[in-house]
Amino acid sequence: MNDNILTKLGISTLLKKDNLPSLYLGDKVYYGTGKQFFSRSPIDFNINAKFKKISNSKVEKVIDSLQDEFQLWQEVPAPKRGEVVKTFSLLVKENKRELAFLITLESGKIYEESLGEVQELIDICDFAVGLSRQLYGLTIASERFRHKMLEQWHPLGVVGIISAFNFPIAVWAWNAMLALVCGNTIIWKSSSQTTLCAIACHLLLQKAIKAYPTLPQNIFSLILANRQTTKSIVKNKNIKLISATGSVSMGKSISPMVASRLGRVLLELGGNNAMIVTNSAKLDLALRAVVFSSVGTSGQRCTSLRRLFIHKKIYKDFISSLVKAYECVNIGDPFKRKVLMGPLVSKKAYKNMQLTLKKVKDQGGKIIYGGERIKNNVPSGGYYVKPALVKIKHSAKIVQKETFAPILYLIEYDSFEEVLKLHNSVPQGLSSSIFTQDLKESEIFMSSIGSDCGITNVNIGTSGAEIGGAFGGEKDTGGGRESGSDSWKNYMRRVTNTINYSNEIPLSQGINFEL
Ligand code: NAD
């Protein structure tokens, strides 16, 4: 591991042999004493970090402190809260390359994409700083004489953030930066695959808040935890919102726990994203979009392209161009320039990919390219694979499932009506895209009778969303929205005020209740 980078980010002082702190609150750290966990770099399988299970009682104490600190933080004027985020953003800019290094080290995505992820963090900070002066409510016309109605937005309290390995800092930032400017305190349960990224962000945020010594300091915390400890966080009544990003099975497991205490939950779960390439599409653009969407981050983005519908008139030619493009994808050490695809995140991910490819064959599909492990000219220990292209019928069971690996299903279609039905027939509803020059097709695709996904693009691939829009999806993807637009409202509670400035006390709906 690069010692200079760890020192610059302040992590090396925390690294104790065999044990990283498992719990962080402002500048306080706590070491676990229970079972040991460790994370390995997907690049070569070397161990990155070791930490031990922290006791539930310590976690509860930290949540209690966050609840106390919330009472103070909510009273800090929102633009002042925005200043803290601005300071944090400047620190991130100064450490952009170092943070990108950690992302590549822990997630295995190529360095160029990691730089993009840090940029995404900076962008959401900018958004949050602007938002800190725009937490607007409405004035509403009252039906009563000399009455006024208002809508105000107040902070919620402690917000819990659970994040996935594949966007180790951006997803946290989407939630955390908005939650903080909205006046909440936060506890972050990062993926245990990407602990160093999480610690580095925590330390930079701590540096930012220290620049404002008169403000509450213990407003954010980080926990490196296993599932059991995560469940105790999810069940804690003091956490007013759980925002969880990860697989559908994770969402299905934690959602009932939050519901049983009538808490709020924001779910950002798996996708089964599709693109339709019509016969009027600009094929050179479509091809580039397909390759980035399916191969980028080794097919391990929630928005990765999984299903490609190609019109029958261009099906054969488009597939032969796609195979040629796949042959040019340089696979290897994600730190190396010109490498476009790094390793899968783990042995489990590799096994899952192979199992899916077996099911593909069992269910009548044909692998026309890739799928196998590469061992030459790649760092030893990691799971490097050739991305797979598969011809299969859409009705095959395996196509309904998200396999978090670079497998692209190729499906030929004839009519637009038919392909729309197939497009919407899977359980997930995250990202979708159409390549067409036909105005009618693109309008229908974006309309209510078109794609049923939360993200619907025209002449752009399924992955690589900007922070300005609300991000999230429907059906099994969980229905949550994060990042831009008015997603900030998820981190606040809405209050309706009615004010009477008349000399009467009239009731609404004209009810007469004379004594
Ligand atoms: P994962 O579900 O294994 O883990 C996500 C997080 O949840 C981790 O912090 C993990 O420790 C925790 N977790 C997992 N199961 C849990 C349980 N039963 N109880 C409590 N906590 C639990 O997902 P992953 O492998 O880290 O990431 C890949 C998945 O995340 C894919 O399905 C991908 O589509 C999805 N994802 C979705 C979005 C989105 O915005 N929709 C973004 C990124 C990733």
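Residues numbered from 1 in each chain as written. Predicted model: local features only at pLDDT ≥ 70, side-chain atom pairs only at ≥ 80, totals over all residues. Heavy atoms only, no water.

(A) Representation of the overall build of the protein within the structure. Looking only at helices and strands, one finds 14 helices and 25 strands in the protein. Compactness check: the protein gives a C-alpha radius of gyration of 25 Å against a globular reference of 24 Å for 515 residues, within 12% of the reference. In terms of overall dimensions, the protein has a C-alpha envelope of 80 × 65 × 40 Å along the principal axes. For the protein, the residues scored as buried account for 56% of the 515 residues in total. By sequence separation, contacts in the protein at least 24 residues apart represent 73% of the contacts at least 6 residues apart. If you sum the accessible surface of the protein, you get close to 22,600 Å²; carbon and sulfur atoms cover 51% of it. (Helix = DSSP H or I, 4+ residues; strand = E, 2+ residues; numbered from the N terminus. Rg over C-alpha atoms; globule rule 2.2 N^0.38 Å. Buried < 20%, exposed > 50% of the residue type's maximum accessible area, 1.4 Å probe, protein only. Contact = heavy atoms within 4.5 Å. Areas by Shrake-Rupley, 256 points an atom, 1.4 Å probe, with all protein chains shown as cover.)

(B) Seen up close, the site of the ligand. Within the structure, the ligand sits among 26 residues, and Ser163, Lys189, Ser247, Leu269 and Glu402 are positioned closest to it. A distance of 3.3 Å separates a nitrogen atom of the ligand from a polar atom in the side chain of Ser253. With the chains in place, 89% of the 830 Å² that the ligand exposes on its own is no longer accessible. For the shell around the ligand, the elements supplying multiple residues, two or more each, are helix H8 (227–235) and helix H9 (248–260). Across the shell around the ligand, the residue classes break down as 10 nonpolar, 11 polar and five charged. (Near = heavy atom within 4 Å. Polar contact = N/O pair within 3.5 Å; in protein donor to acceptor, adjacent residues only side chain to side chain. Nonpolar A, V, L, I, M, F, W, Y, C, P; charged D, E, K, R; others polar.)

(C) The pattern of salt bridges, seen in detail. Tallying each qualifying case throughout the model produces 13 salt bridges. In this structure, Glu117 and Lys109 form a salt bridge, with 2.6 Å as the shortest nitrogen-oxygen distance. A relative accessible area of 1% places Glu117 in the buried class. With a relative accessible area of 3%, Lys109 lands in the buried category. The shortest N-O distance in the salt bridge between Lys489 and Asp486 comes to 3.8 Å. (Salt bridge = Lys/Arg side-chain N within 4 Å of Asp/Glu carboxyl O.)

(D) Molecular detail of the sheet that holds strand E6 (residues 147–155). Ordered by their spatial adjacency, three strands build an open sheet running E5-E6-E25, and the pairing between neighbours is antiparallel. Two strands bound the open sheet, and with one partner strand each, they are strand E5 (139–140) and strand E25 (492–500). For E5 and E6, the ladder comprises two bridges, and the chain directions are antiparallel. Directly across from Thr139, in E6, lies its bridge partner Leu150. (Pairing = 2+ DSSP bridges.)

(E) Broad picture of the layout of surface pockets. Volume-wise, the second largest pocket comes out at about 210 Å³. Every residue along the wall of the second largest pocket is listed here: Ile110, Tyr111, Glu112, Pro334, Phe335, Lys336, Arg337, Lys338, Val339 and Leu340. A per-class count over the lining of the second largest pocket returns six nonpolar, no polar and four charged. Of the domains in this structure, domain 1 (3–269 + 478–495) and domain 2 (273–471) are the two that each give at least three residues to the lining of the second largest pocket. (1 Å grid on protein atoms, 1.4 Å probe; cavity = no way out; pocket = protein on both sides within 12 Å on 5 of 7 lines; lining within 4 Å. Points joined across faces, edges and corners; volume = space filled by probe spheres on them. Domains from an automatic or database assignment.)

(F) View of the domain arrangement of the protein. Domain annotation of the protein identifies domain 1 (3–269 + 478–495) and domain 2 (273–471). The gap between the C-alpha centroids of domain 1 and domain 2 is 30 Å. Counting residues at the interface gives 31 residues for domain 1, matched by 31 residues for domain 2. With both chains or domains summed, domain 1 and domain 2 bury close to 2,400 Å², and 65% of this area falls on carbon and sulfur atoms. Across the domain 1-domain 2 interface, the total number found is one salt bridge. (Buried area = accessible area lost by both parts, 1.4 Å probe.)

(G) Quick look at the pairing of strand E21 (residues 455–458). Of the two faces of E21, the one lined by Ile455 and Asn457 is fully buried and the one lined by Thr456 and Val458 carries no buried residue. Relative to E21, strand E20 (residues 431–435) is paired through four bridges, and the arrangement is parallel. Each bridged residue has a counterpart across the sheet, and for Ser433 the counterpart in E21 is Asn457. One crossover worth recording links E20 to the parallel E21 by way of helix H14 (residues 439–446), and it is right-handed. (Right-handed = clockwise from strand over helix to strand, strands pointing away.)

(H) Fine view of the side chain of Glu120. Tracing the sequence through the fold places Glu120 in helix H5 (residues 111–131). Arg301 is the oppositely charged side chain nearest to the buried, salt-bridge-free Glu120, at an N-O distance of 6.2 Å. Within the local environment of Glu120, its side chain forms a polar contact with the side chain of Trp174, the two groups lying 3.2 Å apart. What Glu120 contacts, discounting residues up to four positions off in sequence, is Phe167, Ala170, Trp174 and Ile467. (Lys, Arg positive; Asp, Glu negative; His and termini not counted.)

(I) Quick peek at the side chain of His311. You can see His311 is positioned in strand E13 (residues 305–311). Looking at His311, the relative accessible area reads 8%, which means it is buried. A polar contact is formed between the side chain of His311 and the backbone oxygen of Asp414, at a distance of 3.1 Å. Discounting residues that sit within four places of it in the chain, His311 has contacts with Val277, Thr278, Asn279, Tyr413 and Asp414.

(J) Expanded view of a nonpolar patch on the surface. The grouping of Leu507, Ile511 and Phe513 at the surface amounts to a nonpolar patch, some 330 Å² of accessible area in total. We classify Ile511 as partly exposed; its relative accessible area is 48%. (Patch = residues over 30% accessible without salt bridge, like charges linked within 9 Å, V, L, I, M, F, W, Y side chains within 5 Å.)

(K) Focus on the state of the cysteines. Scanning the model with the defined rule gives zero disulfides in all. Here Cys302 is not cross-linked by a disulfide; its sulfur's nearest cysteine counterpart is in Cys453, at 12 Å. (Disulfide = S-S within 2.5 Å.)

(L) Inspection of H8 at higher detail. Within the span of H8, buried status applies to Thr229, Thr230, Ile233 and Val234. Along the axis of H8, the buried residues cluster in a sector spanning 145°; they form a single face. Opposite the buried face of H8, by more than 90 degrees, sit the exposed residues Gln228 and Lys235. Packing partners of the buried residues in H8 comprise helix H2 (56–73), strand E7 (158–162), strand E8 (185–189), strand E9 (220–223), strand E10 (239–245) and H9. (Arc of directions from axis to C-beta.)

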